[in-house]
Each structure stands twice: as structure tokens, then as C-alpha cells.
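A closer look at the structure
If you want the building blocks of each chain, they are given just below.
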Amino acid sequence: MSDAAPFEGTFKEMFRRHAAGVAIITVNYQGEPYGFTATSVASLSAQPPRFTFNMARSSSSWPAVANATHLGVHMLGLENQALADRFARTKDRFGGDHWELGPHDVPILKDVAGWLIGKIQMRLSFENNAVVVVEVVAGAVGEDGSPLLYHAGSYGQPVPLDYEI
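On to the overall build of the protein. A tally of helices and strands in the protein yields three helices and 12 strands. For the protein, whose C-alpha radius of gyration is 16 Å, the value lies close to the compact-globule estimate of 15 Å for 165 residues. Dimensions of the protein along its principal axes, counting C-alpha atoms only, are 45 × 45 × 35 Å. For the protein, buried positions account for 32% of its 165 residues. Across the protein, the fraction of contacts at a sequence separation of at least 24, relative to all contacts at a separation of at least 6, is 62%. Carbon and sulfur atoms form 54% of the exposed surface of the protein, whose accessible area is close to 10,200 Å².

Let us look at the side chain of His 70. Mapped onto the secondary structure, His 70 falls in strand S6 (residues 70-75). Looking at His 70, its side chain comes within polar contact range of the side chain of Thr 69, at 2.9 Å. In this structure, His 70 is in contact with Val 27, His 104, Val 106, Gly 118, Lys 119 and Val 137, ignoring residues within four places of it in sequence.

Moving on, we get to unusual backbone geometry. Trans is the common state for peptide bonds, and a negative phi is the common state for residues other than glycine. Following Gln 47, the chain continues into Pro 48 via a peptide bond in cis, with omega recorded as -5°. On the secondary structure map, Pro 48 appears in the loop between strand S4 (42-46) and strand S5 (49-56). Phi is positive for Asp 105, close to 60°, though the residue is something other than glycine. Despite not being glycine, Ala 152 shows a phi value in the positive range, around 55°. Looking at the element boundaries, Ala 152 is found in the loop between strand S11 (149-151) and strand S12 (154-156). The class for Ala 152 is partly exposed, based on a relative accessible area of 35%.

Within this structure, the stated rule accounts for five aromatic pairs. Relative to Phe 15, the ring of Phe 11 has its centre 5.0 Å away and its plane inclined at 45°; by these criteria the two rings are tilted. With Phe 11 and Phe 15 both in helix H1 (residues 8-16) and four residues apart, this pair spans about one turn of that helix. Judged by its relative accessible area of 52%, Phe 15 is exposed.

On the basis of which strands lie adjacent, the open sheet formed by seven strands has the order S3-S2-S6-S9-S10-S5-S4 and antiparallel pairing. Each of the sheet's edge strands pairs with one partner strand only, and the pair in question is strand S3 (32-38) and S4. Each adjacent strand pair in this sheet contributes to an overall mean axis angle of 30°, direction not counted.

Time to look at the environment of Leu 149. Take Leu 149: it is sitting in strand S11. In sequence terms Leu 149 and Ile 120 are 29 residues apart; their C-alpha atoms lie 25 Å from each other.

The rules behind these values
Numbers given to residues run from 1 along each chain, matching the order in which its sequence is written. With the structure being a predicted model, the display of local features is reserved for residues of pLDDT at least 70 and the display and counting of side-chain atom pairs for 80 or more, all residues being used for whole-chain, interface and lining totals. Each side-chain value is derived from all of the structure's non-hydrogen atoms; neither hydrogens nor water enter the calculation. Helix and strand labels come from DSSP, where a helix needs a run of H or I of at least four residues and a strand needs a run of E of at least two; each type is numbered from the N terminus. Throughout, radius of gyration means the C-alpha value; the globule benchmark is 2.2 Å times the number of residues raised to the power 0.38. Only protein chains enter the accessibility calculation, which uses a 1.4 Å probe. A residue is then buried if its area is under 20% of the maximum for its type, exposed if over 50%, and partly exposed in between. Here a residue-residue contact requires only that any non-hydrogen atoms of the pair lie within 4.5 Å. Areas reported as accessible are Shrake-Rupley estimates using a 1.4 Å probe. Residue values count occlusion only from the protein chains shown. Here a polar contact means two N or O atoms within 3.5 Å. Within protein one must be a hydrogen donor candidate and the other an acceptor candidate, and residues neighboring in sequence count only if both atoms are side-chain atoms. Any Phe, Tyr or Trp ring, taking Trp's six-membered ring, that has another such ring centre within 6.5 Å forms a pair; planes under 30 degrees apart are called stacked, those over 60 apart edge-to-face, and the others tilted. Strand pairing is assigned whenever DSSP detects at least two bridges linking the two strands. Helix axes are fitted to C-alpha atoms over the stretch in contact, other axes to C-alpha atoms as well, and angles between N-to-C directions run from 0 to 180 degrees.

The following block contains the structure:
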């Protein structure tokens, strides 16, 4: 039994309580589009602009991420919940006209809060997981709106406080 095993339940419950923005990662590998919903996207640096995300190496998208040179990240708004579900729960992620090929042939999703295309700088594998570091080479900001959050196993939105900071 691992020393961490007694804390596995605590760990899972703590991260269920941690609200996270919802994004979709897309990649084109050998002419086929791949993508998945992610809540682990984070800014790494502004100069140069870089972001990171984590993923399981058992994911069906891992071979594409492991071998491609560029990928995209799409930040989702509240109106993109169905898209988040599609990329998290179905295999038919690219059937339809909700996407197009963008810079470096990376699939770009339409009508999202914004997207970035990046060149993969590093893949750090650890056990069955990987941390991926990406340097931004293109992007666009979409319509401003309420971000889509994931918290306690479901989607939500931020609620304004009664005062301004």
C-alpha cells in the first residue's frame, strides 16, 4: 500500500472543490483531428507567451499530442457547454461544421471565447501522465462573456460578488 493511499479520497474531494476553467485541446496528427476537454490549462509565462496542460498518457489523444509539433487550446464560455460535453463524452468530436483548419493545420473550434495555437516545447512524462509546455504562435479572442467552469462534477459559472475589488 502506498503512503499516499490514505489521502486519495481527500485528494479527490479537494480537487472536486477546486473550480477550474474549461478548455478544449485540439491537434492534427497524420491528417486526422484529435481533441479533448481539459481543466488543467494554465498560463506559464507572458514573455514568451507559454501555457501548460496535463493529460493522461492513456488518453486516445496522447499519440497525437506525443508526436505533433503544434496544437491548439480553446477557452470555453458558458454557451459552449455542449461542445465541452462533446469533447469529453463522445467519440464524434469533429463531425459537423463547428471547426476548421487553422494555422499549422491545427483544428480551430468556432464560436469559443478564444483560441491559441502553439508549438510544443516540452512533454514531461511522469508515470501514466504528462505535462505539456506550449509556446504560442497564433491566436484570436472571441466574444466576451461568462467563462465555463467545472466544479464538484458539473459545469457552472462565476457569480459576481457584492463589491468590487
